[in-house]
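Remarks on the overall topology
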Amino acid sequence: MLSQDKKRVVIKIGSSSLTSMHGEVSRRKLEKLVDEVVQLKDDGHEVLLVSSGAVAAGYRKLGCLERPSSLPEKQAAASIGQGLLMESYSDLFLSHGYMGSQILITRSDFSDEDRYNNARNTINVLLERGIIPIVNENDTITIDRLKFGDNDTLSAKVAGLVDADQLVILSDIDGLYDADPRKNEDAKLLDKVHEITPEIEAAAGDPGSAVGTGGMKSKIDAFKISMASGISSFLGKANTPNIVYDAVYGDATGTYFETTTDSENLDQKKQWIAFNSGPEGEVIIDHRAKESIVDMKKSLLPMNVHHVKGRFEKGAVVRIHDLDGDEIGLGVVNYSSDEMEEMISLTEPELESYEQAAIERKDFVCHLDVALPVGV
């Protein structure tokens, strides 16, 4: 158990912040990152790294002059680069007396609740025993439709997975601006953000580096996840001296993303439902039921299910829509689609034999309570 002044910190670093201009792993950049992580470890903090760079580190070793565009070549490059990254990290951390460990994750590991909890338990053991987990998406085998999209999103989900106190995203830009600083010389750096507004989303630009895959929009989506999970976050420039150490102690130049005290934070179960579950069908409800589950915060009763779409089993996560087609939220069903279809044809007295709610309020995440990134 960490003392109150110690933190569990997730640090994400992008490809462009780890590789040289020639596309290979930069020993100098790695040493800078490791030195700052070691400072945090020496102070008693727990640290987990989410590290990009496998494809960028490996494609030249594969014989490619430029970053490959085809999926098989990218995955082959990742299989080389991931080993190079881990070898470098391991050597550097061991030189300071710390052990690193490799964790490769796919989106399906998060969408299955048992595997999600198993990953959580494994990482917790590593952190509690002083190990530094180094996480990356398993690029060598992951297919596009099962990808997280980028490591910004992955880092936010990992931060929620391990109940982190802080997420630090390092990039090639020194924070969030009110406009694109590459196009507008009057753009101002935002020191603190308490809410992701439409104006902030509009200011998010395209990817800023040919080496990495995540632009400002992906970082905004990541901060939506971390803020909904009650995790303080920071965005800053990776090559700034002592950026990691200063970010954790609140002294860094960059943007801090912090929720207000009255914000609703999602617990572990609701984080999994909202960001990782992979909905399997739809439950459509009428306006009276919508008022009950959203405004009155009651469970959804079997008699309030108007109709269902798709096939799903008991325990699946589904999308809840109103009769206008607007999505209300996500929830875990207590009945299969076949059972629900059967219920729809029953009278209210006949439905009284069904004791369980269709969806318990504790297993429901309302979109009014949390701004979900598009596609999550």
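In the nomenclature of an unreviewed UniProt entry, the chain corresponds to Glutamate 5-kinase from the organism Halobacillus litoralis. The chain has a UniProt comment under Sequence similarities (unreviewed entry) that states "Belongs to the glutamate 5-kinase family."

What follows is about the packing of helix 1 (residues 27–42) against helix 3 (residues 71–95). As a packed pair, helix 1 and helix 3 sit with axes 10 Å apart at the nearest point and diverge in direction by 45°. Put simply, helix 1 runs oblique to helix 3. Helix 3 is crossed by helix 1, and the crossing has right-handed handedness. Residues R27, L30, E31, L33, V34, V37 and V38 of helix 1 form the contact with helix 3, whose own contacting residues are S88, Y89, D91, L92 and F93. Looking at the contact of helix 1 with helix 3, its residues break down into 8 nonpolar, 1 polar and 3 charged.

As a further point, take empty space enclosed by the protein. Per the stated rule, a full pass over the model turns up 1 cavity of 30 Å³ or more. Taken as a whole, the largest cavity encloses approximately 40 Å³ of empty space. Taken together, Y116, A156, K157, G160, L161, I225, S229, Q271, F275 and N276 make up the full set of residues lining the largest cavity. Elements supplying a minimum of two residues to the lining of the largest cavity: helix 6 (151–161) and helix 10 (268–275). Looking at the lining of the largest cavity element by element, the count peaks at 4 residues for helix 6.

A few words on the packing of aromatic side chains. As enumerated under the stated definition, the model contains 6 aromatic pairs in all. Geometrically, the ring pair formed by Y89 and F93 is stacked, given 6.2 Å between the ring centres and 15° between the ring planes. Placement of the pair is Y89 and F93 together in helix 3, with a separation of 4 residues, close to one helical turn. No difference in accessibility class separates Y89 from F93, as the two residues are buried. Here Y335 and Y354 contribute two aromatic rings whose centre-to-centre distance is 5.7 Å and whose plane-to-plane angle is 80°, an arrangement assigned as edge-to-face. On the criterion of sequence distance, the pair formed by Y335 in the loop between strand 12 (327–332) and helix 12 (337–344) and Y354 in the loop between helix 13 (348–351) and strand 13 (364–366) is long-range, its members being 19 residues apart. Judged by its relative accessible area of 6%, Y335 is buried.

Reading guide: rules and limits
Residues numbered from 1 in each chain as written. Predicted model: local features only at pLDDT ≥ 70, side-chain atom pairs only at ≥ 80, totals over all residues. Heavy atoms only, no water. UniProt positions renumbered as here; feature names shortened; annotations may be inferred. Axes fitted to C-alpha atoms, helices over the stretch in contact; angles between N-to-C directions. Helix = DSSP H or I, 4+ residues; strand = E, 2+ residues; numbered from the N terminus. Parallel < 35°, antiparallel > 145°, perpendicular 65-115°, else oblique. Left-handed = near helix turned anticlockwise from the far one by under 90°. Contact = heavy atoms within 4.5 Å. Nonpolar A, V, L, I, M, F, W, Y, C, P; charged D, E, K, R; others polar. 1 Å grid on protein atoms, 1.4 Å probe; cavity = no way out; pocket = protein on both sides within 12 Å on 5 of 7 lines; lining within 4 Å. Points joined across faces, edges and corners; volume = space filled by probe spheres on them. Phe/Tyr/Trp six-rings, centres within 6.5 Å; stacked < 30°, edge-to-face > 60°. Buried < 20%, exposed > 50% of the residue type's maximum accessible area, 1.4 Å probe, protein only.

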